[in-house]
Amino acid sequence: MSIVAALATKSLNFASVMAKAHSIGSMNSLVIVTRIGEYDPVSREYDTTAKQTLYDNFGSPGAGAKAGVASTGATSGMSIGDETQYYASVTIYIPQESPTKNLMVNDIVQVIYCPDNDINGRYFRVDSIPVGGRIYSSIPLHCTGIAPSREWA
């Protein structure tokens, strides 16, 4: 390995450590990630009632684990019968080295706490989980959830 390649590798490793520290330091929310349904390899059946917790404060279950929640945006609507249902998108960041099982599309994210009270208690469905890139500071989860409307009581 040339001296230039070694220097570039060392610089990227240092940048990755700094990016992770900054990312985790700016996470000011708590979330729980769950999955509904589980395949049983013994019975070879899919149990649609099973609920798996993928990301939580495992020392205090149900309290939520550290995450960063971006503000919701990109509201879209879908006509369902004669009513329009509005959806909001959000990106939720969890630490890169968090003790998670394989996160997948259709996992459910519940926001336990966020400094913005309007997002507390809301649920979002994971639409995509980007992978790749040069510096891994966190795991971004692109999610969609039902947007609040005046019909809510």
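Scroll up to find the structure.
Predicted, not measured: the structure shown is a model, and the values here were computed from it.

Chemist: Before we move on, could you go through the pattern of salt bridges and cite the residues and values that matter?
Modeler: All told, the structure shown has two salt bridges when counted by the stated rule. The closest approach of N and O atoms between Arg35 and Asp107, which form a salt bridge, is 2.6 Å. Separated by 72 residues along the polypeptide, Arg35 in strand S1 (residues 29-40) and Asp107 in the loop between strand S5 (83-95) and strand S6 (108-113) bring together distant segments of the chain. Just as Arg35 is buried, Asp107 falls in that class too. Between Asp127 and Arg125 there is a salt bridge; the shortest N-O distance is 3.0 Å. Residue Asp127 is classed as partly exposed on the basis of its relative accessible area, which comes to 29%.

Chemist: Quick one: what's the story with unusual backbone geometry, residue by residue and with numbers?
Modeler: A positive phi angle, close to 60 degrees, is found at Arg44, a residue other than glycine. Here Arg44 falls in the exposed class, since its relative accessible area comes to 66%. At Asn106, a residue that is not glycine, the phi angle is positive and equals roughly 80 degrees. Along the chain, Asn106 falls in the loop between S5 and S6. Asn106 sits in the partly exposed class, given a relative accessible area of 47%.

Chemist: Describe the pairing of strand S2 (residues 45-55), naming the residues involved and giving the relevant values.
Modeler: Here seven bridges tie S1 to S2, and the two strands are oriented antiparallel to one another. Counterpart to Glu38 in the pairing with S2 is Asp47. If you look at the hairpin formed by S1 and S2, you'll find four residues sitting between the two strands, and Arg44 has a positive phi there, around 60 degrees.

What counts as what
- Residues numbered from 1 in each chain as written.
- Predicted model: local features only at pLDDT ≥ 70, side-chain atom pairs only at ≥ 80, totals over all residues.
- Heavy atoms only, no water.
- Salt bridge = Lys/Arg side-chain N within 4 Å of Asp/Glu carboxyl O.
- Helix = DSSP H or I, 4+ residues; strand = E, 2+ residues; numbered from the N terminus.
- Buried < 20%, exposed > 50% of the residue type's maximum accessible area, 1.4 Å probe, protein only.
- Pairing = 2+ DSSP bridges.

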